[in-house]
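Chain and residue survey
Here are the chains, one letter per residue:
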Amino acid sequence: LLVGTGLACAALLALPYSAAAAPAGTPVNEANPLMAERWKTRPLVTVAPSATDPTLVKMQDVLQTPANQAAFKERQMVLYVVVGDRARRNDAWLSAEQARAIRNALDVAADAPATVLLVGLDGGVKMREQGVIDARTLFGTIDQMPMRQQRSSGASDISVSDVPHNHKKGV
């Protein structure tokens with residue numbers, strides 16, 4: 001799966017960092033993994049004050065639907081989750097320095113309300129919301145971008161869903 005459920009995310013954020021993490025003392029620009037994404041992918045970044053933050057849990061739940069996973073992949077997107085000094089790119093753990101570099105680059109404090117940001121292929125922030133960005137708005141925004149329109153002149157029939165994958169309440 002692209003992302004885990006809220007409870008799985010809370011458990012995952014307690015795991016140690018990846019061995020491939022940037023070493024301590026790495027300059028912020030070098031530590032910022034978003035720099036490597038330029039012209040390759042469109043990062044969707046959720047910065048939350050805790051792993052159980054309702055915005056984080058809801059964003060991950062919405063992104064779990066099969067239609068949204070397909071739309072996410074088809075639009076060359078990657079998911080970053082930053083909680084304090086813990087961060088991951090899809091399922092790969094990042095260092096504390098990389099987590100701080102992402103927050104600094106996007107100007108989001110560790111204790112700020114949960115913020116969801118869409119970063120374009122050019123590295124610029126295209127959307128910034130405190131709270132959940134619904135799938136239709138997210139994918140619709142990308143579909144209006146000039147580079148996306150050029151790439152998808154043979155339009156896709158992938159639909160998106162704002163319905164959470166896990167229909168149980170309280171999860």
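Look a little higher up for the structure.
What counts, and at which threshold
- Residues numbered from 1 in each chain as written.
- Predicted model: local features only at pLDDT ≥ 70, side-chain atom pairs only at ≥ 80, totals over all residues.
- Heavy atoms only, no water.
- Helix = DSSP H or I, 4+ residues; strand = E, 2+ residues; numbered from the N terminus.
- Contact = heavy atoms within 4.5 Å.
- Areas by Shrake-Rupley, 256 points an atom, 1.4 Å probe, with all protein chains shown as cover.
- Buried < 20%, exposed > 50% of the residue type's maximum accessible area, 1.4 Å probe, protein only.
- Pairing = 2+ DSSP bridges.
- Axes fitted to C-alpha atoms, helices over the stretch in contact; angles between N-to-C directions.
- Core = buried A, V, L, I, M, F, W, Y, C linked by side-chain atoms within 4.5 Å.
- Salt bridge = Lys/Arg side-chain N within 4 Å of Asp/Glu carboxyl O.
- Arc of directions from axis to C-beta.

1. Comments concerning the overall build of the protein chain
- Regarding its fold elements, the protein chain presents eight helices and six strands.
- Secondary structure elements of the protein chain occur, N-terminal to C-terminal, as α-α-α-β-α-α-β-β-β-α-β-β-α-α.
- Contacts in the protein chain between residues at least 24 apart in sequence constitute 70% of all its contacts with a sequence separation of at least 6.
- For the protein chain, the accessible surface area stands at approximately 8400 Å², while carbon and sulfur atoms represent 55% of it.

2. Remarks on helix α6 (residues 96-106)
- The buried count for α6 comes to eight of 11 residues, which makes it a mostly enclosed element.
- Turning to α6, its buried residues number three or more, namely A96, E97, Q98, A99, A101, I102, R103 and L106.
- The positive-phi residue at the C-terminal boundary of α6 is D107, with phi of around 60°.

3. What to know about the sheet that holds strand β4 (residues 92-94)
- In spatial order, the strands read β4-β3-β2-β1-β5-β6; together these six strands make up an open sheet with mixed pairing. Strands at the two margins of the open sheet, each flanked by one partner only, are β4 and β6 (125-130). Between one strand axis and the next, the sheet turns through 20° on average, direction left out of account.
- On the sheet, helix α4 (residues 54-63) packs against β1 (42-48), β2 (77-83), β3 (86-89) and β5 (115-119) and is oriented at approximately 145° with respect to β1.

4. Describing the nonpolar core
- Within the largest apolar cluster, 22 residues are counted, with the highest numbers of intra-cluster contacts made by L44, F72, M77, L79, L118, L138 and F139.
- Counting residues per element, the ones that place at least two in this core are β1, α4, α5 (66-74), β2, β5 and α7 (135-143).
- Among the nonpolar cores identified, the runner-up in size contains 15 residues, and L34, L106, A112 and L117 belong to it.

5. Focus: the pattern of salt bridges
- The tally for this structure, following the rule as stated, stands at seven salt bridges.
- Among the ionic pairs, R75 bridges to D143, the shortest N-O distance being 2.8 Å. Residue R75 is found in the loop between α5 and β2, and its partner D143 is found in helix α7; the two are separated by 68 residues along the sequence.
- Residue R75 is classed as buried on the basis of its relative accessible area, which comes to 4%.
- You can call D143 partly exposed: its relative accessible area is 25%.
- A salt bridge links R100 to E97; its shortest N-O distance comes to 3.6 Å. Here R100 pairs with E97, and both are found in helix α6, just three residues apart, close to one helical turn.
- Taking relative accessible area as the criterion, R100 reaches 29% and is therefore assigned partly exposed.

6. Re α7
- Those residues of α7 not exposed but buried are A135, L138, F139 and I142. Each buried residue of α7 sits inside an arc of 85° when the element is viewed along its axis, so together they form one side.

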